[in-house]
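# Remarks on the overall topology
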Amino acid sequence: MGLFTRTRETAPCTVSISHRFEELSAHVRFNNGAVVYPGDEVLVQGPEIMAPYGEVVSEDRTAVITRASGLERLWTRMTGDLEFIELCEFSFSEEVTL
C-alpha cells in the first residue's frame, strides 16, 4: 500500500442473503481470511442473488477488494466519525409532524 496508489486483490467469499420476516440482510464472508479496512472497496463478482421470501440463500463467489491508498485511509479515519454521527441524528418528542 502506497501513499497515493491503490492495489487490488481477489478473494474467494461466501455471500449469504436472508429474506425472512425476522431478518432482511446480506453478508459477505471472505474464505481466505481477508480483512477489509476503512476506505477499502469490495465488489462481489457474478449475477444478482435473489432470495425468495422466507428463505436464506448462500453462494460461493469471488470478490475483488480494492485497497485504499494511505492518504485515502487516513482521510476515511478522520472523517468517518462525523459521517456516522450524521446518521445517528434523531430526537425524542411527543409531537407528531405531518
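Provided above is the structure to which this section pertains.
Residues numbered from 1 in each chain as written. Predicted model: local features only at pLDDT ≥ 70, side-chain atom pairs only at ≥ 80, totals over all residues. Heavy atoms only, no water.

Ala11, Cys13, Val15, Ile17, Phe30, Ala34, Ile49, Ala51, Val57, Ala63 and Ile65 form the largest nonpolar core, which has eleven residues in total. With four residues, the single largest contributor to this core is strand β1 (residues 7-19). Contact partners of Cys13, with chain neighbours within four places excluded, come to Val28, Arg29, Phe30, Asn31, Val44, Glu59, Asp60, Arg61, Thr62 and Ala63. (Core = buried A, V, L, I, M, F, W, Y, C linked by side-chain atoms within 4.5 Å. Buried < 20%, exposed > 50% of the residue type's maximum accessible area, 1.4 Å probe, protein only. Helix = DSSP H or I, 4+ residues; strand = E, 2+ residues; numbered from the N terminus. Contact = heavy atoms within 4.5 Å.)

Below, the discussion takes up the environment of Ala63. You can see Ala63 is positioned in strand β4 (residues 55-67). Take Ala63: its relative accessible area is 0%, and that puts it in the buried class. Separated by 35 residues in the primary sequence, Ala63 and Val28 have C-alpha atoms spaced 9.1 Å apart.

Further remarks concern the side chain of Arg67. As for its placement among the helices and strands, Arg67 is situated in strand β4. In this structure the side chain of Arg67 is engaged in a polar contact, spanning 2.7 Å, whose partner is the side chain of Asp40. (Polar contact = N/O pair within 3.5 Å; in protein donor to acceptor, adjacent residues only side chain to side chain.)

What the four strands build is an open sheet, ordered β2-β1-β4-β3; its pairing is antiparallel. Of all the strands in the sheet, the pair left with one neighbour each is β2 (24-30) and β3 (41-44). Strand after strand, the sheet turns through a mean of 35° between neighbouring axes, direction not considered. By the bridge criterion, seven bridges tie β1 to β2 in an arrangement that is antiparallel. Each residue of the ladder has a partner; that of Ser16, found in β2, is His27. (Pairing = 2+ DSSP bridges. Axes fitted to C-alpha atoms, helices over the stretch in contact; angles between N-to-C directions.)

Let us now look at the environment of Arg77. The topology assignment puts Arg77 in helix α1 (residues 70-87). Look at Arg77 and you get exposed, because its relative accessible area is 54%. Counting along the chain gives 40 residues from Arg77 to Tyr37, while the straight-line C-alpha distance between them is 9.9 Å.

What follows is about a nonpolar patch on the surface. Side chains of Leu3, Phe4, Leu71, Leu74, Trp75 and Met78 sit close together on the surface and give an oily, nonpolar patch of about 710 Å² of accessible area. Tracing the chain through its elements places Leu74 in helix α1. (Patch = residues over 30% accessible without salt bridge, like charges linked within 9 Å, V, L, I, M, F, W, Y side chains within 5 Å. Areas by Shrake-Rupley, 256 points an atom, 1.4 Å probe, with all protein chains shown as cover. Salt bridge = Lys/Arg side-chain N within 4 Å of Asp/Glu carboxyl O.)

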